[in-house]
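So you can see what is in the structure, the chains are spelled out below.
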Amino acid sequence: MADTEKTPAERNAALVEEIRRLARERGAVILAHNYQRGEVQDLADHVGDSRERSRIAAKAKEKTLVFCGVWFMAETAKILSPGKTVLIPEPKAGCPLADMCSPSQLAALQAEHPGAVTVTYVNSSAEVKALSDLCCTSANAAAVVRTVPAEKEILFVPDRNLGRYVREVTGRSMHLWDGFCATHERIGAGEVSSARAAHPDAKVVVHPECNEAVVRLADEVASTSGMLRYCAESGAASFIIGTEVNILHRLRAENPGKTFVPASENADCMNMQLTTLEKVHAAVRDGVHEVTLDEDVRRRAARAVERMVEVLG
Ligand code: CIZ
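The notes below deal with the structure included here. (Residues numbered from 1 in each chain as written. Predicted model: local features only at pLDDT ≥ 70, side-chain atom pairs only at ≥ 80, totals over all residues. Heavy atoms only, no water.)

### Digging into the site of the ligand
Close contacts around the ligand come from His33, Asp49, Ser50, Met73, Tyr121, Asn123, Ser138, His207, Ser223 and Thr224, and that covers them all. A distance of 2.6 Å is found between an oxygen atom of the ligand and a side-chain nitrogen or oxygen belonging to Ser50. Thr224 has a polar side-chain atom sitting 2.5 Å from an oxygen atom of the ligand. Coverage of the ligand by the protein chains reaches 99% of its 270 Å² of free accessible surface. Judged by its atoms lying within 2 Å of the grid points, the ligand is housed in the largest pocket. A breakdown of the residues in the shell around the ligand according to their chemical character gives two nonpolar, seven polar and one charged. (Near = heavy atom within 4 Å. Polar contact = N/O pair within 3.5 Å; in protein donor to acceptor, adjacent residues only side chain to side chain. Areas by Shrake-Rupley, 256 points an atom, 1.4 Å probe, with all protein chains shown as cover. 1 Å grid on protein atoms, 1.4 Å probe; cavity = no way out; pocket = protein on both sides within 12 Å on 5 of 7 lines; lining within 4 Å. Sits in = over half its atoms within 2 Å of the grid points. Nonpolar A, V, L, I, M, F, W, Y, C, P; charged D, E, K, R; others polar.)

### Some remarks on the layout of surface pockets
Counted as a void, the largest pocket has a volume near 420 Å³. What lines the largest pocket is a set of 33 residues, among which Tyr35, Asn123, Cys181, Glu209 and Met272 lie closest to the centre. Mapped onto the lining of the largest pocket, the elements with two or more residues apiece are helix H3 (50–59), helix H4 (71–80), helix H5 (96–99) and helix H10 (182–185). Ranked by residue count, the leading element in the lining of the largest pocket is H10, at three residues. By residue class, the composition of the lining of the largest pocket is 15 nonpolar, twelve polar and six charged. For the second largest pocket, the calculated volume is near 300 Å³. Lining the second largest pocket are 17 residues; nearest its centre among them are Arg51, Arg55, Leu80, Met308 and Val309. Secondary-structure elements contributing two or more residues to the lining of the second largest pocket are H3, H4 and helix H16 (295–312). The element contributing the most residues to the lining of the second largest pocket is H3, with six residues. Here the lining of the second largest pocket is built from residues that sort into eight nonpolar, six polar and three charged. (Points joined across faces, edges and corners; volume = space filled by probe spheres on them. Helix = DSSP H or I, 4+ residues; strand = E, 2+ residues; numbered from the N terminus.)

And the structure:
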C-alpha cells in the first residue's frame, strides 16, 4: 500500500516497526521518560524515571542508547555509560529548571558557604553536577539528604519546591536554590481543589516539584516511579495526578480498571513533547544526535552521581 493511502495510525505502526528493525540492526536500545508522548512511550524498550533508565542503560548489552527525554537525562546516561554512544532524538529538548542554575552561579554560592555539602537534583547540567558532592532524584532526594552528617550545612540545587519538601520530611535545614519547574508551577491549588470536589473519592497524588499549596492538598507526594507504584498498589479506584500530563498514558495503560484525571490540563512540558516518532526514527537511522562531554567534567559529575548510589547502599 502506498504511504499516502495509509491512515495516520497505519503510518505510525509502520514507522514503529521500521524504528524497531533499525534499532535491532544497529544494536540500539530506546529508553523513554514517563513524560514522553504516548506513542514514544509505546515504542520504547524501557519507560521510566532518570534513576531507573540510567540503571538499565548502564547494564544494557546494546552499545547505543537512544534517550527520549530532555537534555540533562541523556547527559546523565553519558556520565554513567561513557563507553556507550548516547543519542538524543531532539537536541533542542532542554530543561528550563536546569538552566536556572549555571556552574558559575553555583561556584559563587559555594564560595560563600565553604564546607557546605552541595546536593544537586538530577535536573541539572553535567557541569553543575561536576561541582556537586551528591546527586539525587525526586525518588531518593530525602534519603540522600539524610545521609549528610547533621553538623554539615547543605546547599540544595536547583529546585526550591523539591528542596522545601525534602526539608520538611527530613527536618534538615538547607539553603535552597530559587529554581522551579514551570510545568509543575502551572498546577494551581485551586485546580486541585476543583478536581477533588468533582471526584471526591479520588486520591490526590502530586510530584514534589509542585508548589507548597498543591503539596499540602495531596494524599501522596511522589516521584513519577513512586506515583506509578502508589497507584498500582492503592485500593482506590480514581486518582488526581499532579505532574506532567503524559504520565497519564502509562498510568492508564498499566491500571485499566482505574480512573486518572490530570490535576491541571496545563501541566504539559513543551520540551518533553519535542520528541516525536519521526525524530526517533532519524536518530536510530542516522546515528544523530550524539551526546558528548568533556572527560574531566564527566568524571567529576560521575563522582556525584555514583556517591548517590554508594550512600544509599
Ligand atoms: O527522575 C526523573 O526523571 C525526574 C526528573 C522526575 C521523576 O519523578 O521522574
